[in-house]
Amino acid sequence: MAGHSKWANIKHRKSRQDKARGKEFGKLIRLITAAAREAGTSDPEMSPSLAMAVQKAKDADVPKDTIERACKRGAGELDDGVAFDQGTYEGYAPGGIAVLVEILTDNRNRTASDVRSIFTTAGGSLAEPGAVSFLFSRRGQVLVDADGVDADDVMIAGLDAGLEDIEDEGDGQLIAWSAPTDAQDLRTALEGAGMTILSSGSVMVPSSTVPVDDVKEATRVLRLVDRLEDNDDVQEVYANFDITDDVMDQVELD
């Protein structure tokens, strides 16, 4: 989403990196467990959704044995399996920014209460199902390290693997877009061309964005996103804000 990669870079530089890394691992393990349970197998080659979850964990440097245990746990091959429910909450951040929250939880009531509280305390509000989801569409995304690579290289390597568009993300990164079902094939093609892939998967992309030019309002919006992402049950947060780098650099969060 607009502004979100810049936001991710800011978060990466924050002092709580170790804590955030541990939390990210936990969410990825939960995602793998749920995907393996839904697929009924611990073998990623037998399930595209499980393969995508495993790849996402590998990109984040989750240890191999941890990934394998999560696959087996989800498939019921271990005794400590836990059932997770997937869901989506929709709402508004300050300034009318549309927000989609994807969750994976073992307790719906707890998660609903937590998400509602985060929206309310941050000056936002939850909305009815369908209120903002129509503003987003799911697309496949492959993030490429642009060191020694340009858009033409990506186009040549990806045209026969579902490549739809290329975007210069800045900070030495290129985004290769595809249909969600083509993301893994596109990644494989680009890796086969010698490119370094930073991440891949499917994301929700807004059809339009809302500019946020005021630092105080940007701070309120990003504080809401930050608190949602910090919740253990929240897997992904998407929003249609568009905050310039200049404003983003002035944002100070707790």
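Quick summary incoming for the structure in this document. (Residues numbered from 1 in each chain as written. Predicted model: local features only at pLDDT ≥ 70, side-chain atom pairs only at ≥ 80, totals over all residues. Heavy atoms only, no water.)

### Observations regarding the pattern of salt bridges
Consideration 1: If you walk through the whole model with that rule in mind, you get ten salt bridges.
Consideration 2: Two residues, Arg-30 and Asp-233, come together in a salt bridge whose shortest N-O distance is 2.6 Å. With a gap of 203 residues between them, Arg-30 in helix H2 (residues 17-39) and Asp-233 in the loop between helix H8 (215-229) and strand E9 (234-239) connect regions that are remote in the sequence.
Consideration 3: A relative accessible area of 16% places Arg-30 in the buried class.
Consideration 4: Asp-233 sits in the buried class, given a relative accessible area of 3%.
Consideration 5: Where Asp-233 meets Arg-110, a salt bridge forms, and the shortest distance between an N and an O atom there is 2.9 Å. Separated by 123 residues along the polypeptide, Asp-233 in the loop between H8 and E9 and Arg-110 in helix H5 (residues 108-121) bring together distant segments of the chain.
Consideration 6: A residue is classified by how much of its surface remains accessible, and Arg-110, at 34% relative accessible area, is partly exposed.
Consideration 7: A cluster of three or more residues bridged by salt bridges with shared partners is formed by Arg-30, Asp-106, Arg-110 and Asp-233. (Salt bridge = Lys/Arg side-chain N within 4 Å of Asp/Glu carboxyl O. Helix = DSSP H or I, 4+ residues; strand = E, 2+ residues; numbered from the N terminus. Buried < 20%, exposed > 50% of the residue type's maximum accessible area, 1.4 Å probe, protein only.)

### Regarding the sheet that holds strand E3 (residues 125-127)
Backbone-to-backbone hydrogen bonds join strands into a sheet, with any given pair of strands oriented parallel or antiparallel.
Consideration 1: The four strands are arranged E3-E1-E2-E9 in an open sheet whose pairing can be described as antiparallel. What marks the edges here is a single partner per strand, and that holds for E3 and E9. For this sheet, the mean inter-axis angle between neighbouring strands, taken without regard to orientation, is 30°.
Consideration 2: Here three bridges tie strand E1 (residues 85-93) to E3, and the two strands are oriented antiparallel to one another. Across the sheet, the residue bridging to Tyr-92 is Ser-125, located in E3.
Consideration 3: Running at roughly 160° to E9, H8 makes contact with E1, strand E2 (97-105) and E9 of the sheet. (Pairing = 2+ DSSP bridges. Axes fitted to C-alpha atoms, helices over the stretch in contact; angles between N-to-C directions. Contact = heavy atoms within 4.5 Å.)

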